[in-house]
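Structural features, examined
Spelled out from the first residue to the last, the chains are:
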Amino acid sequence: MDIEQMKVGFMDVFCYLVACPRTKQALVIDPAGDEDRIVERIKQKDLDLKYIVNTHGHPDHISGNAKVRALTGAKIIMHELDDKMVNSAHGQEMARQWGFTPSPPADITVKYADQIVVADVSLIVVHTPGHSPGGICLIGDGNLFSGDTLFVGAIGRTDLPAASLTQFMKSIKERLLTLPGETIVWPGHDYGVRPSSTIEVEARTNPYL
Ligand SMILES: [Zn+2]
Ligand SMILES: [Zn+2]
């Protein structure tokens, strides 16, 4: 599968365009900021965007959902628990407080071990609660899209409402560090170290693990 990493928005979110090279069908992960540039890139590459997939429901990751859906017709996919959070009064208030456009409800909700498929691209949903109740990582073809769960040299925050440090460390240890060492880690933010890593390197060098 073809992966393009794009840094978007003022919180340096990493958005990913993931496409099937054979059919040009594609999905986008966390298109949160610079939506016009993302859609322009989709047109340049002649992609047929099927899904907008959110690693979790925090405002900095879902702020582009409404616009990208309106411009492409792609369906929004989120874990059922974060979809609930986003659509609660608390979730809508959090978006306003953080200064982001709120997201419409998900068109499709997923849970642990579901698969998201576009043509030859298949991503397995790994529920990794802790940073948020419905946070997910996506695994496909030796790649791990790790959202705000695992970063290069860091891990996600657990001091936010609805976060849990105990749940979080369990998610990372049981569901991420057990993956093959050569799995490529594509994080949800650019914290300036390296744009990607591997499970083996993080397990060995990440000071938080
Ligand atoms: Zn987050
Ligand atoms: Zn984030």
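Anyway, here's the lowdown on the structure attached to this text. (Residues numbered from 1 in each chain as written. Chains lettered and ligands numbered in written order. Predicted model: local features only at pLDDT ≥ 70, side-chain atom pairs only at ≥ 80, totals over all residues. Heavy atoms only, no water.)

The next thing to look at is the pairing of strand S13 (residues 184–187). The sheet contact formed by strand S10 (residues 143–147) and S13 spans four bridges and is parallel. Bridging across to S13, Phe145 finds its partner in Trp186. The pairing of S13 with strand S14 (residues 197–198) spans two bridges and is antiparallel. Along S14, the bridge assignment pairs Ile184 with Thr198. (Pairing = 2+ DSSP bridges. Helix = DSSP H or I, 4+ residues; strand = E, 2+ residues; numbered from the N terminus.)

Metal coordination angles in their ideal form are 109.5 degrees for the four-donor tetrahedron and 90 or 180 degrees for the six-donor octahedron. Looking at the zinc ion (ligand 1), the protein donor atoms are His56 (NE2), His58 (ND1), His131 (NE2) and Asp148 (OD), and they sit 2.1 to 2.4 Å from it. Here the zinc ion (ligand 1) binds four donor atoms, and the angle range of 89 to 175° at the metal identifies the geometry as irregular. All donors of the zinc ion (ligand 1) belong to a single chain; written as a sequence motif, their spacing is H-x1-H-x72-H-x16-D. Between the zinc ion (ligand 1) and the zinc ion (ligand 2), the interatomic distance is 3.5 Å, and Asp148 donates to each metal, bridging them. Of the two residues, His56 sits in the loop between strand S4 (48–53) and helix H2 (59–62) while Asp148 sits in the loop between S10 and strand S11 (150–151), which places them 92 residues apart along the sequence. As far as burial versus exposure is concerned, His56 and Asp148 are alike and both buried. (Donors = N, O, S within 2.8 Å, 3.2 Å for Na, K, Ca; no water. Tetrahedral: all angles 85-135°; square planar, octahedral: opposite > 155°, others 65-115°. Buried < 20%, exposed > 50% of the residue type's maximum accessible area, 1.4 Å probe, protein only.)

What follows deals with the sheet that holds strand S6 (residues 108–110). Spatially, the six strands line up as an open sheet ordered S1-S2-S3-S4-S5-S6, and their pairing is mixed. Edge strands, defined here as strands with exactly one partner in the open sheet, are strand S1 (2–8) and S6. Neighbour-to-neighbour, the strand axes of the sheet open up by a mean angle of 25°, direction not taken into account. Of the strand pairs in this sheet, S1 and strand S2 (residues 13–19) are connected by seven bridges, and their pairing is antiparallel. Counterpart to Gln5 in the pairing with S2 is Tyr16. Each of S4 and strand S5 (75–79) is contacted by helix H3 (residues 65–72), which is oriented at about 160° to S4, the strand it contacts most. Running at roughly 105° to S5, helix H4 (residues 80–87) makes contact with S5 and S6 of the sheet. (Axes fitted to C-alpha atoms, helices over the stretch in contact; angles between N-to-C directions. Contact = heavy atoms within 4.5 Å.)

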